[in-house]
Every structure is written in C-alpha cells, then in structure tokens.
Amino acid sequence: MTKSAASTQETVVGDAGRSAPPRQGLVIAVDGPAGSGKSSTARGVARALGLRYLDTGAMYRALTWWLLVHDIDTARDAAVVEQLRRPVLEVGTDPDSPIIRVDGADVSGPIRTREVSNAVSAVASIPQVREYLIAQQRDIIGRAVGAGDGIVAEGRDIGSVVAPDAPVKVFLTATEEVRAQRRTADLTADPAATPAITLREQARRDRRDAPQMARAADAVEINATSLRLDEVIGEIVGLARERRTGSAWTT
Ligand code: DC
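Residues numbered from 1 in each chain as written. Predicted model: local features only at pLDDT ≥ 70, side-chain atom pairs only at ≥ 80, totals over all residues. Heavy atoms only, no water.

### Looking at the overall build of the protein chain
Thinking step 1. Helices and strands together make up the secondary structure of the protein chain, namely ten helices and ten strands.
Thinking step 2. Out of the 251 residues in the protein chain, the part that is buried amounts to 47%.
Thinking step 3. Carbon and sulfur atoms form 52% of the exposed surface of the protein chain, whose accessible area is close to 11,700 Å². (Helix = DSSP H or I, 4+ residues; strand = E, 2+ residues; numbered from the N terminus. Buried < 20%, exposed > 50% of the residue type's maximum accessible area, 1.4 Å probe, protein only. Areas by Shrake-Rupley, 256 points an atom, 1.4 Å probe, with all protein chains shown as cover.)

If you want it as structure tokens, here you go:
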C-alpha cells in the first residue's frame with residue numbers, strides 16, 4: 001500500500017479474493033481526556049510506524065458543527081437523532097493531513113471552536129449517535145487493517161468499545177493544569193480562552209464526557225504531565241514493537 005493510497009481510506013479495498021493470505025495491519029488505540037495530548041501523540045506514532053490515523057473526536061465534532069449551523073437544538077436528543085444521517089462526513093486518515101469534511105466542505109478549523117467544544121459532549125452522549133459513528137469508525141479501522149496498513153485511532157472508547165481487539169492500547173493522562181494550558185495554546189485565536197476559563201470549561205467537559213470515557217482494562221497508562229511529546233511517542237512505538245514479536249500484523 002502506498003502512502004497516497006493510505007490517505008484515501010474511503011476508496012481502499014481489502015485483500016479479499018487474492019490468493020496470498022492477507023497482511024494484517026496493526027491497530028493502536030489511544031484514549032484519554034481532552035488536552036492529554038492524544039492527537040499529537042497519535043499522529044506522531046502513526047508517522048513513526050507508517051500507519052494511518054483516525055481522530056474519532058473530530059467525527060463527533062463535525063456532526064455537532066453541522067447541527068449548530070443548522071440551528072438544531074443539541075440539547076434535544078430526539079432532534080439530534082432525527083437529523084443524524086443528513087450530513088455526509090468524510091474522514092481522511094493521512095496523519096500528515098487528517099482532513100474532515102462535512103457535505104464536501106473542509107471543517108477542520110470550525111470544529112475546534114469553543115462553541116463546538118462546549119456542545120459536543122451532549123451530542124456524543126446520545127446512544128444512537130454513538131452507534132452510528134462507531135459503526136463508521138469500525139469500518140475505517142477495518143479497511144486499514146484489511147489493506148495491511150494498520151491505524152492509530154484516538155478517542156475515549158477505542159480500546160474498550162470501538163476496537164477491543166487492538167493489540168496495543170494506551171490511556172494517556174496529564175494533570176488538569178497541563179491539559180488546560182495545552183488547550184489555551186490551541187485556542188490562541190480566541191481572546192476569551194484565558195487559562196482560567198479554559199480550566200473551568202475543561203472541568204465541565206470532563207464531567208460530561210465521563211460516561212463516554214471507557215478505559216480498557218488492558219490499556220497501558222502513560223502520564224504525559226512531565227514528558228515531552230517525542231518521549232510519549234517513543235514509549236508507544238516501543239510498546240508496538242514489543243507486541244509485534246510473534247504476531248501476524250505488519251508495520
Ligand atoms: O477528543 P475531542 O476533544 O476532539 O473529542 C470531542 C468530543 O467527542 C468530546 O466531548 C468527547 C467525545 N468523544 C467521544 O465521546 N468518543 C470518542 N471516541 C471520541 C470523542
């Protein structure tokens with residue numbers, strides 16, 4: 001599989017029908033709370049190992065963005081469920097350029113606003129929303145595995161619900177303060193995003209996200225509070241190489 005083909009997972013087909021046994025791609029699950037560094041870490045691991053990358057949080061965000069733009073009351077579960085299938089979400093899996101489109105429009109910027117961040121937990125807590133998006137996430141992961149590329153998927157429930165058979169599972173943590181500092185740095189364009197406000201909004205999101213946060217019992221916890229990004233990436237790459245010994249998947 002070439003790198004460019006890996007970036008267009010929507011059109012990749014599996015190895016079914018070939019005479020040689022299919023290669024199996026590695027799945028690495030990276031879960032953890034907001035601001036723990038999941039995205040930079042997961043992308044860095046994907047680059048280091050030549051795997052695809054899936055940001056499942058971006059899917060919940062993209063749906064929420066679409067609902068807000070269409071004035072759907074995100075606090076009303078029935079209204080959200082009714083509209084759920086209308087937006088067409090496209091998710092790219094190239095770690096160097098993880099595009100996310102809704103109805104053909106690039107929404108990678110708009111889905112990161114505070115407005116979306118403050119509304120997304122309620123949308124992600126609706127069981128029908130989860131069922132719908134988890135099916136898509138499993139499909140994307142399944143294609144990556146079937147094509148022999150493998151994938152690093154990040155979220156809240158990857159190792160426990162979305163891909164419970166992933167051979168490498170990581171749960172990334174960091175102190176509340178460090179997580180809020182990272183979030184504030186991400187929101188430099190928003191003058192209202194002071195460290196104090198970010199900390200308060202983060203605490204509220206943590207509470208709302210808690211029911212969706214399903215940490216796998218066999219996940220390796222990495223506390224990233226005082227680790228550099230390259231150190232965290234190095235730990236996960238090391239875990240993946242350890243687990244590779246004697247297994248069928250390739251990196
Ligand atoms: O990781 P993030 O902040 O971009 O996630 C956005 C929201 O989606 C957050 O409220 C948690 C939720 N989420 C989820 O419920 N399950 C996932 N697998 C990923 C994200």
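From this point, the narrative continues.
### A word on the pattern of salt bridges
Thinking step 1. The tally for this structure, following the rule as stated, stands at 14 salt bridges.
Thinking step 2. When the shortest N-O distance is used, the salt bridge between D209 and R156 registers 3.5 Å. Linking D209 in helix 9 (residues 195-209) with R156 in the loop between strand 7 (151-155) and helix 7 (158-162), this pair joins segments that are 53 residues apart in sequence. Both residues of the pair, D209 and R156, count as buried. (Salt bridge = Lys/Arg side-chain N within 4 Å of Asp/Glu carboxyl O.)

### Looking at the nonpolar core
Most often, soluble globular proteins have nonpolar side chains that are buried together.
Thinking step 1. Counting 37 residues, the largest nonpolar core has L54, V129, L133 and I141 as its most contacted members.
Thinking step 2. Dropping the residues within four chain positions of it, L54 is found in contact with M59, V91, Q137, I140, I141, I151, V152, A153 and E154. (Core = buried A, V, L, I, M, F, W, Y, C linked by side-chain atoms within 4.5 Å. Contact = heavy atoms within 4.5 Å.)

### Focus on the site of the ligand
Thinking step 1. For the ligand, the set of nearby residues contains 17 residues, the closest of which are R61, R130, R156, R205 and D209.
Thinking step 2. Between the ligand and S121 there is a distance of 3.4 Å, counted from an oxygen atom to a side-chain nitrogen or oxygen.
Thinking step 3. Measuring from an oxygen atom of the ligand, one finds a side-chain N or O atom of R205 at 2.8 Å.
Thinking step 4. Listing elements by their share of the shell around the ligand, those giving two or more residues are helix 3 (56-69), helix 5 (114-124) and helix 9.
Thinking step 5. When residues of the shell around the ligand are assigned to their parent elements, the largest contribution, four residues, is made by helix 3. (Near = heavy atom within 4 Å. Polar contact = N/O pair within 3.5 Å; in protein donor to acceptor, adjacent residues only side chain to side chain.)

### Considering the side chain of D149
Thinking step 1. Mapped onto the secondary structure, D149 falls in the loop between helix 6 (127-146) and strand 7.
Thinking step 2. With relative accessibility at 8%, the residue D149 sits in the buried group.

### Topic: helix 9
Thinking step 1. With 15 residues, helix 9 should reach 21 Å at 1.5 Å per residue; the first-to-last C-alpha distance of 20 Å fits that figure.
Thinking step 2. Listed in full, the buried residues belonging to helix 9 are T198, E201, Q202, R205 and D209. The buried residues of helix 9 all sit within an arc of 110 degrees when viewed along its axis, so they share a single face. Summarising the geometry of helix 9, the exposed residues directed more than 90 degrees from the buried face are A196, R200 and R207. (Expected span 1.5 Å × (residues − 1). Arc of directions from axis to C-beta.)

### Brief notes about the sheet that holds strand 9 (residues 220-223)
Thinking step 1. Reading across the sheet, the five strands line up as 3-7-2-8-9 and stay open at both edges, with parallel pairing between neighbours. The open sheet terminates on both sides in strands that have one partner only, identified here as strand 3 (52-55) and strand 9. With strand direction ignored, the average angle separating the axes of adjacent strands in the sheet is 20 degrees.
Thinking step 2. Alignment of strand 8 (residues 168-173) against strand 9, held across four bridges, turns out to be parallel. (Pairing = 2+ DSSP bridges. Axes fitted to C-alpha atoms, helices over the stretch in contact; angles between N-to-C directions.)

### Describing the environment of R85
Thinking step 1. In this fold, R85 is placed in the loop between helix 4 (77-83) and strand 4 (89-91).
Thinking step 2. Residues R85 and L63, 22 residues apart in the sequence, show an inter-C-alpha distance of 9.4 Å.

### Brief notes about helix 5
Thinking step 1. Taking burial as the measure, the eleven residues of helix 5 include eight buried ones, the bulk of the element.
Thinking step 2. Along its buried surface, helix 5 packs onto helix 3, helix 4, helix 6 and helix 9.

### Structural notes on the sheet that holds strand 6 (residues 105-106)
Thinking step 1. The strand order across the open sheet formed by three strands is 4-5-6, and the pairing between neighbours is antiparallel. A strand with exactly one partner marks an edge of an open sheet, and here the two such strands are strand 4 and strand 6.
Thinking step 2. With two bridges connecting them, strand 5 (residues 100-102) and strand 6 associate as antiparallel partners. For V102, the partnering residue across the bridge sits in strand 6 and is A105.

### Looking at the packing of helix 3 against helix 5
Thinking step 1. Put simply, helix 3 and helix 5 touch, their axes get as near as 9 Å, and they point 105 degrees apart. Here helix 5 runs roughly perpendicular to helix 3, going by the angle between their axes. Contact with helix 3, carried on its side by Y60, R61, L63, T64, W65, L67 and L68, involves E115, V116, S117, A119, V120, V123 and A124 of helix 5 and no other residues of that element.
Thinking step 2. When its residues are assigned to classes, the contact of helix 3 with helix 5 shows ten nonpolar, two polar and two charged. (Parallel < 35°, antiparallel > 145°, perpendicular 65-115°, else oblique. Nonpolar A, V, L, I, M, F, W, Y, C, P; charged D, E, K, R; others polar.)

Nothing here speaks to function; it is geometry throughout.
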